[in-house]
Amino acid sequence: MTDVEETTATLPLARKCPFSPPPEYETLRAESPISRVGLPSGQTAWALTRLEDIREMLSSPHFSSDRRNPSFPLLVARPVRSEDDSFRPSLIGMDPPEHSQARRDVVGEFTVKRMKALQPRIQQIVDDHIDALLAGPKPADLVQALSLPVPSLVICELLGVPYADHDFFQSCSSRMLSREVSPEERQTAFEGLRNYLDDLVTKKEANATEDDLLGRQILKQRESGEADHGELVGLAFLLLIAGHETTANMISLGTVTLLENPDQLAKIKADPGKTLAAIEELLRVFTIAESATSRFATADVEIGGTLIRAGDGVVGLSNAGNHDPAGFENPDTFDIERGARHHVAFGFGVHQCLGQNLARLELQIVFDTLFRRVPDLRIAVPVDELQFKHDSTIYGLHALPVTW
């Protein structure tokens, strides 16, 4: 067991190739797979680059997800002023046993059975937007025409958030996730979205129905006699951002990747049964929400032969783990028949993504429908001219010009 104290590098964030992790990840994994790094926030933390170590850390009870704790490692600077105590982070910022109860309260909304019930409506939303795409001018921006509005509308209907407000909450989430805005601007965006959802939950509490997730949670709280307004606001905050940002970016990245790999796309067109396998491979290859696997140690604990002390921050570089040759043969090759579902793109352990069934369903419907209805779809500019989100904590594309 080793006990390393020195900071050895600054954590690289930019992907030199849009389809691969930062090349420094491979060097770290080969030379110092568990190493101390400096973060853009000014903190130092342990960086884990091996799949086995990341999964071990994420399944250990000795690491906390509490983002309010000063020990939690952040990739961006903390807000210039403390968050309002009335705001309760939901799920992603909780630890057991609080997390366990909160997850049980809402997990029924994301079961496979529940997703099957949503499938016809999601299909209708996708068809409507592809109708509009085909009726509009060429080239078109697929981000604005399909990638962003589809998951935004789905999560709005699921939660009970007015889709008419989508420009507002998408603007807030974009500024919150950007690594290039000031802490003051990020805090303003956070407070704006928090206040919006606070007001929305208050209105729903006055007239709760079974028509949407928030209404059902309000009624469930009343039945149990444990109403918690702050918890509902936190839940809405998490699901609204996670429910559209991640899936929207995967739609765009997946479309580019499949178009750039026509042999793999041909397999899906010939057999739509392969689409789900392709989605797993796309999730592994891009691992767009890497900071979701950050934690801090609550006790001295050994990971991969290295001693991590209580209070130390740990960044599980899941994009490095998902390209670990010890976990995936030829990891930089895009192969939809790989059949590797042990990736950590959705996290691992108790905090594994609650909405992963919804994300998979949306991606499956979008890809099957898009490539069936627009078989000659193609990117309208050279790939090296595309605007990839190197400036955001969730990777993706700012725009995707396409034609047909």
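Let me begin by describing the structure that accompanies this report.

Reading guide: rules and limits
Residues numbered from 1 in each chain as written. Predicted model: local features only at pLDDT ≥ 70, side-chain atom pairs only at ≥ 80, totals over all residues. Heavy atoms only, no water. Phe/Tyr/Trp six-rings, centres within 6.5 Å; stacked < 30°, edge-to-face > 60°. Lys NZ or Arg CZ within 6 Å of the ring centre and 35° of its normal. Axes fitted to C-alpha atoms, helices over the stretch in contact; angles between N-to-C directions. Helix = DSSP H or I, 4+ residues; strand = E, 2+ residues; numbered from the N terminus. Parallel < 35°, antiparallel > 145°, perpendicular 65-115°, else oblique. Left-handed = near helix turned anticlockwise from the far one by under 90°. Contact = heavy atoms within 4.5 Å. Nonpolar A, V, L, I, M, F, W, Y, C, P; charged D, E, K, R; others polar. Core = buried A, V, L, I, M, F, W, Y, C linked by side-chain atoms within 4.5 Å. Buried < 20%, exposed > 50% of the residue type's maximum accessible area, 1.4 Å probe, protein only. Salt bridge = Lys/Arg side-chain N within 4 Å of Asp/Glu carboxyl O. Pairing = 2+ DSSP bridges.

## With respect to the packing of aromatic side chains
Remark: the centre distance and the inter-plane angle together describe each pair of aromatic rings, the angle taken between the planes. All told, the structure shown has six aromatic pairs when counted by the stated rule. Measuring from ring centre to ring centre gives 6.1 Å for Phe-388 and Tyr-395, while their planes differ by 15 degrees; the resulting arrangement is stacked. Grouped by ring-pair contacts, the aromatic residues Phe-19, Phe-286, Phe-388 and Tyr-395 constitute a single cluster. Sitting over the face of the ring of Trp-46, Arg-36 holds its NZ or CZ atom 5.2 Å from the ring centroid. One Lys or Arg, Arg-55, reaches over the ring of Phe-348 and ends 4.0 Å from the middle of that ring.

## Considering the packing of helix 4 (residues 112-135) against helix 6 (residues 149-159)
Helix 6 packs onto helix 4 with a crossing angle of 140 degrees between their chain directions and a minimal axis gap of 10 Å. On the basis of their axis angle, the class for helix 4 and helix 6 is oblique. For helix 4 against helix 6, the interelement crossing comes out right-handed. Where helix 4 abuts helix 6, its residues Arg-114, Leu-118, Arg-121, Ile-122, Ile-125, Val-126 and His-129 lie against Pro-149, Val-150, Leu-153, Val-154, Glu-157 and Leu-158. Within the contact of helix 4 with helix 6, the residues separate by chemical class into nine nonpolar, one polar and three charged.

## A look at the nonpolar core
In terms of nonpolar packing, the biggest core is built from 92 residues, with Phe-110, Leu-193, Leu-197, Leu-213, Leu-240, Leu-358 and Leu-400 touching the most fellow members. No other element matches helix 10 (residues 229-260), which puts 16 residues into this core. Contact partners of Leu-197, with chain neighbours within four places excluded, come to Val-233, Ala-236, Phe-237 and Leu-240. Counting 16 residues, the second-largest nonpolar core is a separate cluster that includes Ile-54, Met-57, Val-301 and Phe-328.

## As for the pattern of salt bridges
With the rule as written, the count across this model stands at 17 salt bridges. A salt bridge links Glu-157 to Arg-121; the shortest N-O distance between them is 2.6 Å. With a gap of 36 residues between them, Glu-157 in helix 6 and Arg-121 in helix 4 connect regions that are remote in the sequence. For Arg-121, a relative accessible area of 30% translates into the label partly exposed. The partner of Arg-341 in a salt bridge is Glu-280, and the shortest N-O contact between them spans 3.4 Å. With Arg-341 in the loop between helix 13 (318-321) and helix 14 (356-373) and Glu-280 in helix 12 (residues 275-286), this residue pair connects regions lying 61 residues apart in the sequence.

## Here we look at the pairing of strand 9 (residues 313-316)
Covered by surrounding structure in strand 9 are Gly-313 and Val-315 together with Val-314 and Gly-316, the residues of both alternating faces. The pairing of strand 3 (residues 44-48) with strand 9 spans three bridges and is parallel. Each residue of the ladder has a partner; that of Ala-47, found in strand 9, is Val-315. Where strand 6 (residues 294-297) meets strand 9, three bridges bridge the pair, whose relative direction is antiparallel. Looking at strand 9, one finds that Ser-294 is bridged to Val-315.

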